[in-house]
Amino acid sequence: MQNTVSILKIVLPLIVSLGIGFFARKRDILSPEAIDGMKQFVMKFALPALLFGLFFTAEYSASILIYAVTMFALGFAGLGIGFLVGKPLEKRSPMYRYMTTGWEVGMLGYALYALLFGAENLRNMATLDFGHVLFIFSGYIAALYSRIGCTKKESLRALVTNPIPWAMIAGAVLAMLGVSRALAPSGVTELIKSLCDFVSAPLSCVILIVVGYGIEFSGKNFITAAISVLVRTLVCAVLCAIALLVFNAFVPLTDEMRWAVIILFITPAPYILTVFTNNEQERADVSMSLSLQTLVTVLIFIGIAIFRF
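Computed from a prediction, not measured in an experiment: that's the story for all the values here. For every chain, the first residue of the written sequence is number 1, and numbering continues from 1 onward in sequence order. Selection of residues for local features in this predicted model requires a pLDDT of at least 70, selection of side-chain atom pairs for listing and counting requires 80 or more, and totals for whole chains, interfaces and linings are taken over all residues. Excluded from the side-chain calculation are hydrogens and water; included are all heavy atoms of the structure.

Labels follow the DSSP assignment, with helices taken as runs of H or I lasting at least four residues and strands as runs of E lasting at least two, numbered in each case from the N terminus. A count of helices and strands for the chain gives 13 helices and 0 strands. We compute the radius of gyration from the C-alpha atoms alone; for a globule the expected value is 2.2 Å times N to the 0.38, where N is the number of residues. Whereas a compact globule of 309 residues would reach a radius of gyration of roughly 19 Å, the chain reaches 19 Å, a difference of no more than 12%. C-alpha extents for the chain along the principal axes are approximately 60 × 50 × 40 Å. Each residue's exposure class comes from its accessible area (1.4 Å probe, protein chains only) as a fraction of the maximum for that residue type: buried when under 20%, exposed when over 50%, partly exposed otherwise. A total of 309 residues make up the chain; the buried ones form 50% of that total. Taking the contacts inside the chain whose residues are at least 6 apart along the sequence as the reference set, 84% of them involve residues at least 24 apart. Of the roughly 14,400 Å² of accessible surface on the chain, a fraction of 69% belongs to carbon and sulfur atoms. The chain carries 22 positive and 17 negative side-chain charges, and their two centres are separated by 6 Å. By definition, residues are in contact when any of their heavy atoms lie within 4.5 Å. Note on areas: these come from Shrake-Rupley sampling with a 1.4 Å probe, and a residue is covered only by the protein chains present in the view. Just so you know, the count uses Lys and Arg for positive and Asp and Glu for negative, and it drops His and the chain ends. The location of each charge is read from NZ of Lys, CZ of Arg, CG of Asp or CD of Glu.

Below is the structure:
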């Protein structure tokens, strides 16, 4: 009975939040504009605040560099694999090549990890996400902008104007310069951390509602989506195994960090993919693929929750 309650404490908030978002769209309770506003709150305020607070109060060692370089390299490895396996599948959907890399950590990974290990351990996910974010806003975004005819300058502008990598970098730089330690005796560091925690407090629930709102299924695109799930699952399983081997070789992994790696690699492809489609058919294929990938992520996560308890 105790195990059942422990599992429900993790799974029930997930299912209810996703359900709220799903039925809010079905019943027209929330408009697309309202959901877009919630996304903007997450990406421009709540998530940057969370990441700044985590990196500002973190302790740094050589292991941070190992995590960052490895995730950055694996991002490019996944993109390269995508271009290889996507070529024979191009007639069905040219977007396959972008679905074997990039992980929706910001809009899903953090929420799932917090459900399993609590917000106090989100630093593990943030540490992994640092190198991943640098990959997303460099190689991945550049490749996506290129396919819709945008210039490198526009790709660079996307990186420069996005608050997420800057929040990470600012928090890390201030911490490594000793600012957080210097301010700790006066209580200012705790004050900054409390403020960041307050702004990011609704993050998990808002993210899951937004994700639930975006889940939609269509039999017309099901085969395309199923192939995307199969290919992505196989590629991400290999990349996850490589990541764990590299990390174990250089850094003694805690149980929480090991699960952070696994949860990161089970998340779907970045939801921004829909922005870089060239026509309605591509958009429908990507939306269906991301919805099915999200459902698979949720099911795997529920399996992890049951396994851990």
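Okay, the environment of leucine 89 next. Positionally, leucine 89 belongs in the loop between α3 (62-86) and α4 (105-117). The contacts of leucine 89, once residues within four sequence positions are left out, are Tyr96, Ile227 and Val231.

Here we take up the pattern of salt bridges. It is possible for side chains bearing opposite charge to pair when their charged atoms get close. Whenever Lys or Arg places a side-chain nitrogen within 4 Å of a carboxyl oxygen from Asp or Glu, that contact is recorded as a salt bridge. Throughout the structure, instances matching the rule amount to 4 salt bridges. Note that arginine 97 and glutamate 90 form a salt bridge whose closest N and O atoms lie 3.2 Å from each other. Arginine 97 sits in the buried class, given a relative accessible area of 15%. Judged by relative accessible area, which is 35%, glutamate 90 ranks as partly exposed. In this structure, the salt-bridge partner of aspartate 255 is arginine 308, at a minimum N-O distance of 3.7 Å. Here arginine 308 lies in helix α13 (residues 280-308) and aspartate 255 lies in helix α12 (residues 255-266), a separation of 53 residues in the sequence.

It is worth spelling out the packing of aromatic side chains at this point. Working definition: a ring pair exists when centres of Phe, Tyr or Trp rings (six-membered ring for Trp) sit within 6.5 Å. Plane angles under 30 degrees give stacked, over 60 give edge-to-face, the rest tilted. Tallied over the entire structure, the rule returns 12 aromatic pairs. Judged by centre distance (5.1 Å) and plane angle (70°), the rings of phenylalanine 72 and phenylalanine 76 are edge-to-face. Residue phenylalanine 72 and its partner phenylalanine 76 are located together in helix α3, separated by 4 residues, close to a single helical turn. Of the residues examined, phenylalanine 72 reaches a relative accessible area of 32% and is grouped as partly exposed. What makes phenylalanine 76 partly exposed here is its relative accessible area of 36%. Measuring from ring centre to ring centre gives 5.0 Å for phenylalanine 76 and phenylalanine 135, while their planes differ by 75°; the resulting arrangement is edge-to-face. Highlighted residues: phenylalanine 76 in helix α3 and phenylalanine 135 in helix α5 (residues 122-147), separated in sequence by 59 residues. The exposure class assigned to phenylalanine 135 is buried, which follows from its relative accessible area of 0%.

Attention now moves to the side chain of threonine 100. Examined against the element boundaries, threonine 100 turns out to sit in the loop between α3 and α4. Within the structure, threonine 100 has its side chain in polar contact with the backbone oxygen of glycine 78 (distance 2.8 Å). Contacts described as polar in this section are N or O atom pairs within 3.5 Å, which, within protein, must combine one atom able to donate a hydrogen with one able to accept it, while residues neighboring in sequence count only if both atoms come from side chains. Within the structure, threonine 100 has its side chain in polar contact with the backbone nitrogen of glycine 82 (distance 3.1 Å). Apart from residues lying up to four places away in sequence, threonine 100 is in contact with Gly78, Ile81, Gly82, Val85, Val231, Arg232, Val235, Cys236 and Leu239.

Packed helices, taken two at a time, are described by the angle between their axes plus the distance between the axes. Closest axis-to-axis distance for the helix α2 (residues 32-56)/α4 pair is 11 Å, and the angle between their directions is 55°. With respect to α4, the axis of α2 lies oblique. Helix-helix and strand crossings are classified by hand; for α2 and α4 the assignment is left-handed. Contact residues: α2 offers Lys39, Val42, Met43, Leu47, Leu50 and Leu51, while α4 offers Gly106, Met107 and Tyr110. Tallied by class, residues from the contact of α2 with α4 come to 7 nonpolar, 1 polar and 1 charged. Axis lines are fitted to C-alpha atoms, over the contacting stretch for helices. Their N-to-C directions set the angle, which ranges from 0 to 180 degrees. An angle below 35 degrees is read as roughly parallel, one above 145 as roughly antiparallel, one from 65 to 115 as roughly perpendicular, and any other as oblique. Crossings are sorted by hand: turned counterclockwise from the far helix by less than a right angle, the near helix makes the crossing left-handed, and turned clockwise it makes it right-handed. For this classification, Asp, Glu, Lys and Arg are treated as charged, while Ala, Val, Leu, Ile, Met, Phe, Trp, Tyr, Cys and Pro are nonpolar and the rest, including Gly, are polar.

Another aspect to go through is the nonpolar core. By size, the foremost hydrophobic cluster in this structure holds 86 residues, and its most contacted members are Tyr110, Leu128, Phe265 and Leu273. Ranked by residue count, the leading element in this core is α5, at 14 residues. Among residues more than four places away in sequence, those in contact with leucine 273 are Met95, Tyr98, Met99, Tyr140, Leu144, Val286 and Leu290. By convention a nonpolar core is built from buried Ala, Val, Leu, Ile, Met, Phe, Trp, Tyr and Cys residues, the set being connected through side-chain atoms within 4.5 Å.

Here helix α11 (residues 222-250) spans 42 Å end to end across 29 residues, near enough to the 42 Å set by a 1.5 Å rise per residue. Among the residues of α11, Thr224, Ala225, Ser228, Val229, Arg232, Val235, Cys236, Leu239, Cys240, Ala243, Leu244 and Phe247 are the ones counted as buried. On its buried face, α11 is in contact with α3, α5, α12 and α13. Here a helix's expected span is defined as the number of its residues, less one, multiplied by 1.5 Å.

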